[in-house]
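# Commentary on secondary and tertiary structure
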Amino acid sequence: MDKMLPYLQSDSTYKVHIHTFNKTLTQAQKIQKIDALEFLPFKGKVNLKNPEHIFWILEDYGMDPNNVPEEPFHLYFGRWIADGQRELIESYSVKKRHFIGNTSMDACLSFIMANHGRVKPNDVVYDPFVGTGGLLISSAHFGAYVCGTDIDYNTIHGLGKASRKNQKWRGPDENIRANLRQYGLEKHYLDALVSDSSRPIWRKGTLFDAIITDPPYGIREATRRMGSQKETAKSAEKSTENHTFVSSSYHLSDIFFDLLKFAAEYLVMGGRLVYWLPIYRPEYTEEIVPRHPCLKLISNCEQMLSSHTSRRLITMEKVKEFKDQDQNSSLLDGQYMPYRGHNSFREKYFSGVTKRIAKEEKDNQK
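This report concerns the structure included in the present document. (Residues numbered from 1 in each chain as written. Predicted model: local features only at pLDDT ≥ 70, side-chain atom pairs only at ≥ 80, totals over all residues. Heavy atoms only, no water.)

## Focus on the overall build of the protein chain
- Within the protein chain one finds 10 helices and 13 strands.
- Out of the 366 residues in the protein chain, the part that is buried amounts to 43%.
- Partitioning the intrachain contacts of the protein chain with sequence separation of at least 6 by distance along the chain shows that 70% fall at a separation of at least 24.
- Accessible surface for the protein chain amounts to roughly 21,000 Å². Of this, 52% is attributable to carbon and sulfur atoms. (Helix = DSSP H or I, 4+ residues; strand = E, 2+ residues; numbered from the N terminus. Buried < 20%, exposed > 50% of the residue type's maximum accessible area, 1.4 Å probe, protein only. Contact = heavy atoms within 4.5 Å. Areas by Shrake-Rupley, 256 points an atom, 1.4 Å probe, with all protein chains shown as cover.)

Structure representation (structure tokens):
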């Protein structure tokens with residue numbers, strides 16, 4: 001309390017803000033909580049427009065959006081000193097972005113991923129599942145040169161149906177480059193290519209300072225890779241060569257095996273791989289997080305999606321040079337077999353949704 005006294009004097013002005021995590025308060029509730037501070041010896045006058053001192057109440061209601069407590073787990077009170085960079089969340093909001101898709105990454109999470117990747121000026125950052133380029137934007141903001149690939153021709157070229165409500169087709173200038181241009185970051189944009197991540201197109205050698213990506217889970221975007229007609233037609237003669245590409249299923253386990261192997265081979269030493277791993281929570285153990293002998297696990301953070309599913313932000317750092325013997329290391333060791341469980345994530349995700357809807361309907365009938 002003694003440290004606060006200089007900011008509570010009668011010749012000073014102040015105001016109080018309140019912010020909650022994982023819960024939304026009405027204006028009346030906010031005022032009630034602010035009024036509860038009357039035990040503090042505020043002697044100055046309230047000035048909402050231009051106060052000398054700003055005080056904040058921060059309330060933490062945990063991380064589970066499906067089980068929000070009545071009272072906060074933690075409550076903090078203090079004087080504002082300076083802003084961080086949270087204004088970036090609003091200025092880079094997906095709602096205001098020129099080109100978006102069904103799975104465009106939230107601006108806040110994009111910047112968190114760039115921070116986990118330790119992106120800095122003049123880095124080269126790559127996203128193998130680039131989509132509409134949301135993760136490229138946050139990296140370019142920190143001064144990196146960015147590029148990406150995606151199997152979807154229409155997304156790379158900004159063609160086809162729009163994802164926005166009341167807009168049927170994408171406009172003539174809806175593409176990744178236009179997004180970078182919107183924020184004055186076009187000079188950091190290298191390019192985006194139509195490519196299958198299961199079949200790397202890059203020359204051998206270390207190319208990227210960071211690989212930051214959000215692989216498809218099979219929920220809102222399909223998990224696909226390129227095949228050929230001869231792979232789908234078992235009756236065709238083995239000698240027949242047909243290079244007409246068709247789409248085939250790309251299991252989540254294979255996606256993560258390929259991603260880690262690619263990162264081990266193409267990241268510079270000390271470079272980081274940052275990606276999201278979807279999880280069926282009742283079956284989760286740390287042992288199912290994909291590993292590679294060239295990559296060290298740095299962090300594993302959970303974001304809740306529902307009562308039974310979540311995704312984990314995995315950050316790994318390259319600590320060993322890639323050798324020929326590492327080419328298939330993640331496929332030979334038996335400890336990696338649990339990743340095969342990721343193939344059924346879509347079924348488990350929707351089974352939980354079905355059960356929840358059935359429960360709600362049953363409760364409504366009571």
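## Some points on the packing of aromatic side chains
- Using the criterion set out here, one finds 14 aromatic pairs in the structure.
- Measuring from ring centre to ring centre gives 4.7 Å for Tyr126 and Phe208, while their planes differ by 15 degrees; the resulting arrangement is stacked. Here Tyr126, found in strand β5 (residues 124-127), pairs with Phe208, found in strand β8 (residues 208-213); they are 82 residues apart in sequence, far enough to count as distant.
- Take Tyr126: its relative accessible area is 3%, and that puts it in the buried class.
- Seen in terms of ring centroids, Trp202 and Phe208 are 5.4 Å apart; in terms of plane orientation they differ by 85 degrees. Their pairing is edge-to-face.
- The buried category is assigned to Phe208, whose relative accessible area is 3%.
- An aromatic cluster is present here, built from Tyr126, Trp202, Phe208, Phe262 and Tyr266 joined pairwise through their rings.
- Just above the ring of Trp276 sits the side chain of Arg311; from NZ or CZ to the centre is 4.3 Å. (Phe/Tyr/Trp six-rings, centres within 6.5 Å; stacked < 30°, edge-to-face > 60°. Lys NZ or Arg CZ within 6 Å of the ring centre and 35° of its normal.)

## Quick notes on the layout of surface pockets
- Empty space within the second largest pocket amounts to approximately 450 Å³.
- Of all the elements in the fold, those that place two or more residues in the lining of the second largest pocket are α3 (107-116) and β12 (295-304).
- Broken down by element, the lining of the second largest pocket gets its largest block of residues, 4 residues, from β12. (1 Å grid on protein atoms, 1.4 Å probe; cavity = no way out; pocket = protein on both sides within 12 Å on 5 of 7 lines; lining within 4 Å. Points joined across faces, edges and corners; volume = space filled by probe spheres on them.)

## Here's the deal with the pairing of strand β1 (residues 13-21)
- As paired strands, β1 and strand β2 (residues 45-46) are joined by 2 bridges and run parallel to one another. Bridge pairing links Tyr14 to Val46 in β2. (Pairing = 2+ DSSP bridges.)

## Quick look at the sheet that holds β1
- Strand order in the open sheet formed by 4 strands is β2-β1-β3-β4, with mixed pairing between adjacent strands. The open sheet is flanked by β2 and β4 (74-79), the only strands paired with a single partner.

## Considerations on the nonpolar core
- Counting residues in each nonpolar core, the largest one holds 62 residues, and the members touching the most others are Ile176, Phe208, Ile211, Leu273 and Tyr275.
- Counting residues per element, this core draws most heavily on helix α8 (residues 252-266), which supplies 9 residues.
- Excluding its chain neighbours within four sequence positions, the residues that come into contact with Ile176 are Phe99, Val130, Gly131, Thr132, Gly133, Leu136, Ile156, Tyr189 and Ala192.
- Ranked by size, the runner-up nonpolar core spans 12 residues in total, among them Met4, Tyr14, Val16 and Leu25. (Core = buried A, V, L, I, M, F, W, Y, C linked by side-chain atoms within 4.5 Å.)

## Details of empty space enclosed by the protein
- In total, this model carries 1 cavity of 30 Å³ or more according to the counting rule given.
- By volume, the largest cavity amounts to about 110 Å³.
- Tyr126, Pro128, Asp196, Ser197 and Phe262 are the residues nearest the centre of the largest cavity, which is lined by 16 residues in total.
- Here the element with the most residues in the lining of the largest cavity is α8; it accounts for 4 residues.
- Residues belonging to the lining of the largest cavity are distributed by class as follows: 10 nonpolar, 3 polar and 3 charged. (Nonpolar A, V, L, I, M, F, W, Y, C, P; charged D, E, K, R; others polar.)

## Some words on helix α4 (residues 134-141)
- Along α4, 7 of the 8 residues are buried, which leaves the element largely enclosed by surrounding structure.
- Its buried side turned inward, α4 meets α3, β5, β6 (145-150), α6 (176-182), β7 (189-194) and β8.
- Just downstream of α4 lies Gly143, where phi reads positive at about 95 degrees.

## Some details on a nonpolar patch on the surface
- Nonpolar side chains collect at one region of the surface, where Tyr153, Leu159 and Val194 lie side by side and expose about 270 Å² of accessible area between them.
- Its relative accessible area of 39% is what places Leu159 among the partly exposed residues. (Patch = residues over 30% accessible without salt bridge, like charges linked within 9 Å, V, L, I, M, F, W, Y side chains within 5 Å. Salt bridge = Lys/Arg side-chain N within 4 Å of Asp/Glu carboxyl O.)

## Some remarks on the pattern of salt bridges
- Counted under the stated rule, the structure contains 13 salt bridges.
- Arg118 is the salt-bridge partner of Glu317, the closest N and O atoms lying 3.2 Å from each other. With Glu317 in strand β13 (residues 309-318) and Arg118 in the loop between α3 and β5, the pair connects residues that are 199 residues apart, well separated along the chain.
- Since its relative accessible area comes to 46%, Arg118 is described here as partly exposed.
- Between Glu302 and Arg312 there is a salt bridge whose closest N-O contact spans 3.8 Å. Taken as a pair, Glu302 in strand β12 and Arg312 in strand β13 lie far apart in primary sequence, 10 residues in all.
- Look at Glu302 and you get partly exposed, because its relative accessible area is 25%.
- Here the residues in one salt-bridge network are Asp173, Arg177, Arg181 and Glu186, joined through shared partners.

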